[in-house]
Every structure is written in structure tokens, then in C-alpha cells.
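One letter stands for each residue in the lines below.
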Amino acid sequence: MKSPSAVLGISACDTLWQNAQLATLDPTLPGLGLIEQGAIAVSKGRIVYAGPEADLPFPHAAAGYVVDCGGRLITPGLIDCHTHLVHAGDRANEFEMRLAGATYEEVARAGGGIVSSVRSLREASEDDLVAQSLPRLDALMAEGVTTIEIKSGYGLDLAHERKTLRAARRLGALRDVTVRTTFLGAHALPPEFKGDSTGYIAKVADEMLPALAADGLADAVDGFCEGIAFSPDEMRRVFNAAQAHGLPVKLHADQLSNLHGASLAAEYGALSADHLEYTDAAGAQAMAASGTVAVILPGAFYFIRETKKPPIDLFRQAGVAMAIATDNNPGTSPLTSLLLTMNMAATLFGMTVTECIAGVTREAARALGLVDEVGTLEVGKRADLAIWSVTRPAELVYRMGFNPLHARIYNGH
């Protein structure tokens, strides 16, 4: 059998990382696809070899630059597949309210919650949003993140949703990171539509979504299907509009109750359904059949002190792919550590080390529709790597408040 590099016609490379332990996440290999004495060769930003160093199909001298990793672990660059990173201000006052006993719903109905962030975002300029969001992005990148999803949803009218998505695109231009944008107009009712969810959903589906699609500002469309947000029928209207404009969909589903949001997401072939604390067996089976990824968000569960855990065992039994994300947002998950998120998923929900690491690499890429591009160390993929000063993969999930990142490689550099 020819080596992968030989198949590509490669006899040399730009950079060679040698003497490394690889967690390839190759789906054809068991577990994390570990290779103990491995090497990765990169040419023009693409992986041309990832495998045992002994099987490297060209001599080390054929590499323009050779890096001795000293036995360190290399994983794919991490992927945060669910964030609300672009927002203005904070909601520390609501944190205090919850500490005093208020529930998520009580905070929202008292004028706090998402609508509070709407006021702050509308008052901020696009430059303000970029300046406030960059430190959050930098914190994630410092832990090996190379791809991030950023949702809108705090503007709730065309001008401010557009401003949010433009700010998100600018973040991707200012930093060496891939930014995927998601239009979340169906996040909450803005004050001017109080009591008129039908009218607002019509605006989202018939005015805002087409305009943002025409601008090329959204890579996907999301919504919040919940009793304090929008009904399944209202989300169907938004999803139908998304499909008409060729945009894939995602859904905040079953977080606070079971409105069968997981099944709704699966019905539309959604990239992902997220939160999922109240999802039932039928929902899990529907997601498995459609290939919809379950995005697990332990930060929000922890921060708002929920007690209903997502049905991890149901997802395992049904064969649902599971991703993990920070859900970075000002009200319910002000979290900018994907490493801590993995630890939370393990300790709070019983996810395994393999599930956690796959959840922030391969399965997170799947949740963004990018699994053919990133998320594994395979020939042809973009060379997004994270190099860790650890002796075994479990350390990435086990530690809290400690960042063992040695180097972050984006697009081969």
C-alpha cells in the first residue's frame, strides 16, 4: 500500500514535527487514534503525513524545517462550536440574583436575561464589540482553540444583528483563527415586540434572515426553542426560511423542558442540537438517524445550578455524536476555557476522556459542518494543531486551572 504522502505525490514538506505522541482522532482507529512515536508533515498549510515516524515516506532532510516535540502530545487544534462571544457588558447582577435564589426563568421575566444583553449590545458600536470580544477570543486561543463558532442574538433587529456578525467576521480577520458565524435572531423577543412572537418571527424569517444571507454574514441559522423563547412551530418557520436560502440550521433545544426540540432539529437535518438536558429517547434516536450532533454545554448547567443532566447514556446507546463547547455568554456561561469545559463534562456528566477530547476536536468540527476540513490529524486536512506538554491525553481533562499548551499551530504556522 502506498503511504498517504506518496498518494498525494509528496516527496518533501515545509515543516515536520517529529518525536511526538499523536492523538489523531482518525475515525478508522480506536479511541483517540493514538500513535506513540509519531510525526506530522505539513506542506502549504495541509497535512501530508500523520503517522508513525518510522513510516515517514521521505527523509527528515527533505523537510524545510524540523521540530523535535520531545515526546509531547499533538492533538488537532481545539474547536469551540457554540459561543455567544460577541456581546457587550456583563450580567454580574443577575449572578447575584441567582445566588439569592432566583431561577433562570424568574430572571428573564424580571427584564433580565437575554433582553438585558440586548440593551447593552444596541448601545455599543461595532468597534466596541470587537474590542470587548478580543480578550475573550484570546483566552480561548491561548488554550489551543483554532476554530470558533460565534452566534448573534443580542441585537434582535436587522441593524444590530448585522453589526454583531460583522464584528465576528472582523475577529477572524484580526486573529489567526477560523470563525464560523451563526444568525440567532430567534433568541428572544425584543422589547418592541413584547407579546407578539408571531410578528417577530415573521420579521426574522422574512426580513432579517434573507438580508443577512445576501450579505454573506451567516454560515448557519440557530434558534432558542423553549417556553420562555419560541415554539417548535415558530422555529419551523425560521428553519424553512434558512433552507430556502441554503443555510444549515442548529437549535438550542430541550434545555429547560422537553418541547421535543431534538426531534425538531433532526427533522431538518440540523448540524447540531445544543444543551439537551430534557431530551428523551425518541429525540436521541432521531438525532442519530439524521446525523445531528449533540452539543453538550456543561458551563451553563454549572453556572445556573441546574440539576437535570443531559442524557449522555441515551446518546451513547443511540450512537449520537457528542461535542462539547463553552457556550460563552454574559448571562449563563461566562466561560472562556475549553479545557475547564472538558473537565466539567467529565466530572458533572460522566463523559470519558476520549469523548471529551473528541468533543472539542472531531465532533465539534462535525457540529459546524467542517469535519472534512479540520478536527482530525489526517492527510489533506488543514494543519491546525495543538502541542501539549503532557505525558498522556487524560491530563487535558483531569487538570483544572492549568494550561499545558506548548504551541498552537494554525494553517501550518
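Since this is a predicted model, take the numbers as computed values, not measurements.

## Let's talk about the environment of His275
And step 1. Among the structural elements, His275 can be located in strand 11 (residues 272-275).
And step 2. The class for His275 is buried, based on a relative accessible area of 3%.
And step 3. On a C-alpha basis, the gap between His275 and Ile324 in space is 9.8 Å, while along the polypeptide they are 49 residues apart.
And step 4. Beyond its immediate chain neighbours, meaning those up to four positions away, His275 contacts His82, His252, Ala253, Gln255, Val295, Leu297, Ala300, Pro310 and Asp327.

## Quick notes on the pairing of strand 10 (residues 250-253)
And step 1. The alternating pattern of strand 10 places Lys250 and His252 on one face and Leu251 and Ala253 on the opposite face, and all of these are buried.
And step 2. As paired elements, strand 9 (residues 220-225) and strand 10 share two bridges and run parallel to each other. By the bridge assignment, Phe224 is partnered in strand 10 with His252.
And step 3. In this fold, strand 9 hands off to helix 8 (residues 232-244), which returns the chain to strand 10; that crossover is right-handed.
And step 4. Sheet topology note: the strand 10/strand 11 ladder contains four bridges and is parallel. Residue pairing in the sheet places His252 in a bridge with Asp274 of strand 11.
And step 5. Traced from strand 10 through helix 9 (residues 261-267) to strand 11, the parallel crossover comes out right-handed.

## Observations concerning the UniProt feature "binding site: Fe(3+)" (unreviewed entry) in the protein
And step 1. Here the UniProt feature "binding site: Fe(3+)" (unreviewed entry) sits at His82, His84, His252 and Asp327. Look at the named residues: they lie 246 residues apart in sequence, but the longest C-alpha span between them is just 12.3 Å, so in the fold they bunch up.
And step 2. When you line up the elements, His84 lands in the loop between strand 6 (78-80) and helix 2 (92-99).
And step 3. Of the residues examined, His84 reaches a relative accessible area of 2% and is grouped as buried.
And step 4. Dropping the residues within four chain positions of it, His84 is found in contact with Lys151, Ser152, Tyr154, Leu184, His187, His252, Asp327, Asn328 and Asn329.
And step 5. Assignment of secondary structure puts Asp327 in the loop between strand 13 (322-324) and helix 13 (338-349).
And step 6. Accessibility expressed as a relative area gives 2% for Asp327, which makes it buried.
And step 7. Those residues in contact with Asp327 that lie beyond four places of it in its chain are His82, Thr83, His84, His275, Leu297, Ala300, Thr332 and Ser333.

## Points about the side chain of Arg136
And step 1. Within the fold, Arg136 resides in helix 5 (residues 126-141).
And step 2. As a buried residue without a salt bridge, Arg136 has its nearest oppositely charged side chain in Asp90, at a separation of 8.4 Å.
And step 3. At 2.9 Å, the side chain of Arg136 and the backbone oxygen of His87 are in polar contact.

## Points about helix 5
And step 1. With 16 residues, helix 5 ought to run about 22 Å at 1.5 Å a step, and its terminal C-alpha atoms sit 22 Å apart, in line with that.
And step 2. Along helix 5, the sharpest kink reaches roughly 30 degrees, centred on Ser133 and followed within four residues by the proline Pro135.
And step 3. Buried within helix 5 we find Leu129, Val130, Ser133, Leu134, Arg136, Leu137, Leu140 and Met141.
And step 4. Where helix 5 is buried, its residues meet strand 6, helix 4 (114-123), strand 7 (145-151), helix 6 (158-174), helix 13 and strand 15 (405-409).

## Quick look at the nonpolar core
And step 1. Core analysis: the largest hydrophobic core is formed by 90 residues, its most contacted members being Ile148, Phe183, Met235, Val238, Phe315 and Met351.
And step 2. It is helix 7 (residues 197-215) that contributes the most residues to this core, eight residues altogether.
And step 3. Sequence-distant contacts of Met235, that is, excluding residues within four places in its chain, are made with Ala186, Asp222, Gly223, Phe224, Cys225, Phe230, Leu251 and Leu264.
And step 4. Within the second largest apolar cluster, 15 residues are counted, among which are Ala20, Ile74, Leu385 and Ile409.

Parameters at a glance
- Residues numbered from 1 in each chain as written.
- Predicted model: local features only at pLDDT ≥ 70, side-chain atom pairs only at ≥ 80, totals over all residues.
- Heavy atoms only, no water.
- Helix = DSSP H or I, 4+ residues; strand = E, 2+ residues; numbered from the N terminus.
- Buried < 20%, exposed > 50% of the residue type's maximum accessible area, 1.4 Å probe, protein only.
- Contact = heavy atoms within 4.5 Å.
- Pairing = 2+ DSSP bridges.
- Right-handed = clockwise from strand over helix to strand, strands pointing away.
- UniProt positions renumbered as here; feature names shortened; annotations may be inferred.
- Lys, Arg positive; Asp, Glu negative; His and termini not counted.
- Salt bridge = Lys/Arg side-chain N within 4 Å of Asp/Glu carboxyl O.
- Polar contact = N/O pair within 3.5 Å; in protein donor to acceptor, adjacent residues only side chain to side chain.
- Expected span 1.5 Å × (residues − 1).
- Bend = angle between axes of the 7 residues up to and from the residue.
- Core = buried A, V, L, I, M, F, W, Y, C linked by side-chain atoms within 4.5 Å.

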